[in-house]
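Analysis of the macromolecular model
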Amino acid sequence: MAAVPAARVPVLDFPTTSAGALVEALRAHSCVFLTGLDRFSAAGSFGADLAAMVETSQEFFALDPEEKARVRWSGTGEWAGWQPLYEGGADALLLERYELALPDPAGFSGDAAWAAAFSPWPANPARLAPAWTAYYRTARALTIRLVEMIAEALGLPAADLPAWTSRQHSNLCVNHYLAQPDEPGPGQTRQRAHADIGGLTLLWADGRGGLEAAIGPDGGWASVEFPPGAVLLQAGDLLHLWTRGQIPKNLHRVVNPPRTPGVPQTDRFSAVFFHHPDLDTWVAPAAVGTDEVDSSGVAARDHVLARQRAAYTAT
Ligand SMILES: O=C(O)CCC(=O)C(=O)O
Ligand SMILES: [Fe+2]
């Protein structure tokens, strides 16, 4: 396969970025790197919280499959728990992941009560739940601020906002892509080309390559390399719909690592905060005038569940 060019993704220092600059970058590229996130988070610990969350996930993935199976996704309803996608046969995605959704932390007396709103948490490692909830809280707050900035710059109706901010329904997920000592089958890859399902995605990756976005010359694939300390903000399907198509969705994939004699194959980790609107919301292009009626739209729950199922079972 011919080498793809490096993607030109803008890098924004988030604390000093205006709403206009953020939206211009997303409009032009469908994704943007955010840096300076320690200065955004309440305790100044965005990077440390993210690192701790990934570390506990790595400990979890290192457990025996029998132990991980105790928190395996049931296979119906929303994605939650451990998902060994690599078991999917000839067209398997070669990864396992762990994923959860939590409600608004404001409705709970403390972190333990908030965390208890989700099951199944793995018993081991014990520090996984506190590490995941700490990062989830900050990532959630960051998406609220980002949605407010996008709405401000595009003049979206204030009445639409709560479904995307305080009532959002977001998933936190860690992907563990397996090392590939044996050459994968022709249908097997790390992630097929897709746009994320919902509003905004906050993606961190461990520095190993493979992520490509369709933002190269003429819309071709280009490899996305993370600057130190950066998180990639990607626009999803439902944001594209709500913003009347003004924010393009980010099409991306993760390709298998190159096979070079003498160079060992490695695994790869990524952590993804998938921001979705309230699943009970009808998502339609935002009204811009008083007399304009736009009848297109989709129930957020139907969209999210249908897309999750399609991705899990894709063959
Ligand atoms: O691992 C990555 O870099 C991207 C992951 C991804 O696209 C996803 O989980 O939706
Ligand atoms: Fe994705």
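What comes next concerns the included structure. None of the values given here were measured: they were computed from a predicted structure. (Residues numbered from 1 in each chain as written. Chains lettered and ligands numbered in written order. Predicted model: local features only at pLDDT ≥ 70, side-chain atom pairs only at ≥ 80, totals over all residues. Heavy atoms only, no water.)

1. Comments concerning the side chain of Thr201
Here is the rule we go by: Per the convention used, a helix needs a DSSP run of H or I reaching at least four residues, while a strand needs a run of E reaching at least two, with both numbered from the N terminus. Classification of residues uses two cut-offs on accessible area relative to the type maximum, computed with a 1.4 Å probe and protein chains only: under 20% is buried, over 50% is exposed, and between them is partly exposed. Any pair of nitrogen or oxygen atoms within 3.5 Å is treated as a polar contact; in protein, a donor-acceptor pairing is required on top of that, and neighbouring residues in sequence qualify only through side-chain atoms on both sides. The criterion used for residue contact is that any of the two residues' heavy atoms lie within 4.5 Å.
Within the fold, Thr201 resides in strand β7 (residues 200–205). With a relative accessible area of 2%, Thr201 lands in the buried category. Only 2.8 Å separates the side chain of Thr201 from the side chain of Asp196, close enough to count as a polar contact. Not counting chain neighbours up to four residues away, the residues in contact with Thr201 comprise Asp196, Leu232, Leu233, Gln234, Val272, Phe273 and Phe274.

2. Focus on the site of ligand 1
Which entries qualify depends on this criterion: Residues are classed as near a molecule or strand on a simple rule: at least one heavy atom within 4 Å of it. Accessible surface area values rest on a Shrake-Rupley calculation with a 1.4 Å probe, where residue burial reflects the displayed protein chains alone.
In the region of ligand 1, 13 residues are neighbours, and Tyr177, His194, His252, Arg268 and Ser270 sit closest. Here His252 contributes a side-chain N or O atom positioned 2.9 Å from an oxygen atom of ligand 1. Ser270 is positioned such that a nitrogen or oxygen atom in its side chain is 2.7 Å from an oxygen atom of ligand 1. Look at ligand 1: alone it shows 290 Å² of surface, and the protein chains cover 96% of it. Broken down by secondary-structure element, the contributors of at least two residues to the shell around ligand 1 are β5 (171–177), β6 (191–194), β11 (252–254) and β12 (268–274). Considering each element in turn, the shell around ligand 1 owes the most residues, four residues, to β12.

3. What about the packing of helix α1 (residues 19–29) against helix α5 (residues 128–154)?
Where we set the bar: To get an axis, fit a line to the C-alpha atoms, keeping to the stretch in contact for a helix; angles then go from 0 to 180 degrees between the N-to-C directions. Oblique is the label for every angle not falling under 35 degrees (roughly parallel), over 145 degrees (roughly antiparallel), or within 65 to 115 degrees (roughly perpendicular). Ten residues, namely Ala, Val, Leu, Ile, Met, Phe, Trp, Tyr, Cys and Pro, are considered nonpolar, four, namely Asp, Glu, Lys and Arg, are considered charged, and the remaining ones, Gly among them, are considered polar.
Interhelical geometry of α1 versus α5 gives an angle of 90° and a closest axis separation of 8 Å. Relative to α5, α1 is oriented roughly perpendicular. In this structure, α1 uses Ala19, Gly20, Leu22, Val23, Leu26 and Arg27 to contact α5, whose residues at the interface are Leu146, Met149, Ile150, Glu152, Ala153 and Leu154. In terms of residue class, the contact of α1 with α5 is built from nine nonpolar, one polar and two charged.

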